[in-house]
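Remarks on the overall topology
Given next are the chains, with one letter for each unit.
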Amino acid sequence: SSGQYAHYVFNSIDLDRNGSLSFEEFVANLSILLRGTVDEKLQWTFSLYDINGDGCITKEEMKEIVTAIYELMGKVPEGCEEEQAIKEKVERLFEKMDRNCDGKITLDEFIECCTKDESIRRSIAVFDTIF
């Protein structure tokens, strides 16, 4: 099911939070994903994970997005083992990204960690070869 992930993506694109996408919102976001700089793509990704838009990613927000990604990939969490795997993934991500250990990830922490991680940089570069 792509429903929950699609919901989060929609919310990150709906900049004025009016429940619909204007052509300008759609094109601006598509432009960032396809032609934006690495920093712009990371800022967009951060906004996807920052579900409530307060400028920080909490463990709960990270868990929500990771769960939605697992569901999108067909790895639907069913039971304690899968839930534990998601929790452990979130903990590992926080250990890596939450540099000051305050329980939340700021945009600066997110960008710093992602730009230093080769696998993340490669996955972002995938968008460069689409068109």
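Below: a short report on this structure. Model, not experiment: these values are computed from the prediction.

**Points about the packing of aromatic side chains**
Applying the stated criterion to the full structure yields two aromatic pairs. On the numbers, 5.6 Å between centres and 65° between planes, the contact of Phe-46 with Phe-110 is edge-to-face. Here the residue Phe-46 occupies a position in helix H3 (residues 38-49), and Phe-110 occupies one in helix H6 (residues 107-116), the gap between them amounting to 64 residues. Of the two residues examined, Phe-46 and Phe-110, each falls in the buried class. Their ring planes at 45° and their centres at 6.4 Å tell us that Tyr-49 and Phe-110 sit as a pair that is tilted.

**A word on the nonpolar core**
One finds Leu-48, Ile-57, Met-62, Ile-105 and Phe-110 to be the most contacted residues of the largest nonpolar core, which totals 23 residues. Broken down by secondary-structure element, the contributors of at least two residues to this core are helix H1 (3-13), H3, helix H4 (59-72), helix H5 (80-97) and H6. Looking at this core, the element that brings in the most residues is H3, giving five residues. Residue contacts for Met-62: discarding those within four places in its chain leaves Tyr-49, Ile-57, Val-90, Leu-93, Phe-94 and Ile-105.

What counts and what doesn't
By convention here, each chain's residues receive numbers from 1 onward along its written sequence. In keeping with the model being predicted, local features are shown solely for residues with a pLDDT of at least 70 and side-chain atom pairs are shown and tallied solely at 80 or more, while totals for entire chains, interfaces and linings include all residues. Side-chain measures were taken over the full set of non-hydrogen atoms in the model, leaving aside hydrogen atoms and water. Two rings belonging to Phe, Tyr or Trp (six-membered ring only in the last case) form a pair when the distance between their centres is within 6.5 Å. Interplanar angles under 30 degrees mark stacking, angles over 60 mark edge-to-face geometry, and anything in between is tilted. Elements are defined by DSSP. Helices are runs of H or I of four residues or more, strands are runs of E of two residues or more, and each kind is numbered from the N terminus. When accessible area is computed with a 1.4 Å probe and restricted to protein chains, residues below 20% of their type maximum are described as buried, those above 50% as exposed, and intermediate ones as partly exposed. In this description, a nonpolar core means a group of buried Ala, Val, Leu, Ile, Met, Phe, Trp, Tyr and Cys residues linked to one another through side-chain atoms lying within 4.5 Å. In this description, contact between two residues means that some pair of their heavy atoms is separated by no more than 4.5 Å.

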